[in-house]
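Chain by chain, the residues:
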Amino acid sequence: MKIAIVGGGISGLATAFHLARLLPAAEITLFERAPHPGGTMRTVEREGFRFEAGGNGFLTSKPHTLALVQAAGAEHLLLRSSDAARRRFIFNGALHRLPESPPAFLGSRLLTLPAKLRVLAEVFIPPRRAGGEETLQSFGYRRLGRAFTDTFLDAMTAGIYASTPADLSLQAAFPAVAALEREHGGLFRGMLAKRRREAGPGGVLMSFRGGVGSFIDHLAGLLGSASARAAR
Ligand SMILES: Cc1cc2nc3c(=O)[nH]c(=O)nc-3n(C[C@H](O)[C@H](O)[C@H](O)COP(=O)(O)OP(=O)(O)OC[C@H]3O[C@@H](n4cnc5c(N)ncnc54)[C@H](O)[C@@H]3O)c2cc1C
């Protein structure tokens with residue numbers, strides 16, 4: 001059987017990897033137009049600094065990525081994020097530390113008092129009745145207010161997807177958040193219910209020794225030796 005995969009980003013590489021294991025007799029050809037595999041996920045070294053061109057890690061609470069790393073025998077490359085990296089800042093004229101607790105949020109200068117009260121009012125906002133997709137921006141404006149959405153959700157989507165809330169589908173990009181409203185009627189209600197049920201810690205942010213590029217090279221190397229070949 002001949003199989004062609006177009007695109008050697010992480011999606012194409014993962015697909016080729018799984019197919020090569022499922023169908024060892026298949027002839028898999030991965031077409032990639034760039035001179036290197038990995039697509040958006042690429043690590044660049046310049047003058048002693050390491051830059052990630054796209055993604056710089058993944059959460060272990062998303063089990064598929066970790067499962068792929070394990071299946072590919074790349075656990076030795078895993079690198080847990082430093083606790084220092086948990087301190088994040090938002091710049092809007094000045095650097096503000098991202099608040100990580102309710103008291104820090106209330107004391108933060110990132111939002112005015114009315115905007116903070118609007119966030120707290122989330123618990124009184126009824127769930128959306130209409131089905132179908134909604135942008136993260138529409139969801140944020142509806143549940144948490146404009147100021148929170150334009151400050152916090154905008155920074156979050158820039159960091160995760162290099163995108164904006166207006167361009168992202170809530171259901172596609174943040175399905176767990178959509179589920180909180182659908183299943184519990186709201187975010188605060190949902191988070192409280194989950195905290196009661198799941199006593200364990202959330203996911204840990206992981207990357208790879210040498211950057212995400214080292215995992216891409218590892219995966220691409222396995223494919224080269226597993227009858228998949230890259231073509232341009
Ligand atoms: C700045 C930034 C930060 C991010 N941070 C994170 C993060 O921290 N964690 C995380 O999990 N995700 C993050 N992401 C998202 C993540 O990088 C992407 O979701 C993921 O890399 C997409 O992989 P992909 O293979 O689907 O697509 P791509 O990486 O876009 O790969 C598609 C590949 O297909 C090739 N291609 C396209 N058309 C053709 C063609 N006709 N013929 C041959 N080849 C073709 C392209 O050259 C490319 O190599 C980030 C994204 C960005 C931009």
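For clarity, every value in this text was computed on a predicted model and none was experimentally measured. (Residues numbered from 1 in each chain as written. Predicted model: local features only at pLDDT ≥ 70, side-chain atom pairs only at ≥ 80, totals over all residues. Heavy atoms only, no water.)

## Let's talk about the packing of helix H1 (residues 10–22) against helix H10 (residues 212–224)
Relative orientation of the contacting elements H1 and H10 amounts to 40 degrees, with a least axis distance of 10 Å. Considering how the two elements wind past one another, H1 and H10 form a crossing that is left-handed. Contact residues: Ile10, Leu13, Ala14, Ala16 and Phe17 in H1; Phe215, Ile216, Leu219, Ala220, Leu222 and Leu223 in H10. Of the residues in the contact of H1 with H10, the class split is 11 nonpolar, no polar and no charged. (Axes fitted to C-alpha atoms, helices over the stretch in contact; angles between N-to-C directions. Helix = DSSP H or I, 4+ residues; strand = E, 2+ residues; numbered from the N terminus. Left-handed = near helix turned anticlockwise from the far one by under 90°. Contact = heavy atoms within 4.5 Å. Nonpolar A, V, L, I, M, F, W, Y, C, P; charged D, E, K, R; others polar.)

## A word on the pattern of salt bridges
Under the defined criterion, the tally for this structure stands at nine salt bridges. For Arg97, the salt bridge is made with Glu100, and the minimal N-O distance between the two is 3.7 Å. Using a relative accessible area of 52% as the deciding quantity, one classes Glu100 as exposed. Two residues, Glu183 and Arg182, come together in a salt bridge whose shortest N-O distance is 3.7 Å. The class for Glu183 is exposed, based on a relative accessible area of 55%. Residues participating in the shared-partner salt-bridge network are Glu122, Arg128, Glu134, Arg142, Arg143 and Glu181. (Salt bridge = Lys/Arg side-chain N within 4 Å of Asp/Glu carboxyl O. Buried < 20%, exposed > 50% of the residue type's maximum accessible area, 1.4 Å probe, protein only.)

## Notes on the domain arrangement of the protein chain
Split into domains, the protein chain comes out as domain 1 (2–55 + 211–231) and domain 2 (84–197). Once you take the C-alpha centre of each, domain 1 and domain 2 turn out to be 34 Å apart. (Domains from an automatic or database assignment.)

## Description of the side chain of Ser169
You can see Ser169 is positioned in the loop between helix H6 (146–161) and helix H7 (170–173). When near neighbours in sequence (up to four residues on either side) are disregarded, Ser169 contacts Glu133, Glu134, Thr135 and Phe174.

## Some thoughts on the nonpolar core
Core analysis: the largest hydrophobic core is formed by 25 residues, its most contacted members being Ile28, Phe58, Val69, Leu78, Phe208, Phe215 and Leu219. Where this core is concerned, the elements lending two or more residues are strand E1 (2–6), H1, strand E2 (27–31), helix H2 (63–71), strand E9 (205–208) and H10. (Core = buried A, V, L, I, M, F, W, Y, C linked by side-chain atoms within 4.5 Å.)

## Quick notes on a nonpolar patch on the surface
A grouping of Leu106, Leu113, Leu117 and Leu120 is seen on the molecular surface, where their side chains present a nonpolar patch of about 400 Å² in accessible area. Mapping Leu120 onto the fold places it in helix H4 (residues 113–120). According to the relative accessible area criterion, Leu120 is partly exposed, its value standing at 40%. (Patch = residues over 30% accessible without salt bridge, like charges linked within 9 Å, V, L, I, M, F, W, Y side chains within 5 Å. Areas by Shrake-Rupley, 256 points an atom, 1.4 Å probe, with all protein chains shown as cover.)

## Here we look at the packing of helix H5 (residues 136–143) against H6
Between H5 and H6, whose axes approach to 8 Å, the crossing angle comes to 140 degrees. For H5 against H6, the interelement crossing comes out right-handed. Where H5 approaches H6, its residues Leu136, Gln137, Gly140 and Tyr141 are matched on the opposing element by Arg146, Thr149, Asp150, Leu153 and Thr157. Residues of the contact of H5 with H6, tallied by class, amount to three nonpolar, four polar and two charged.

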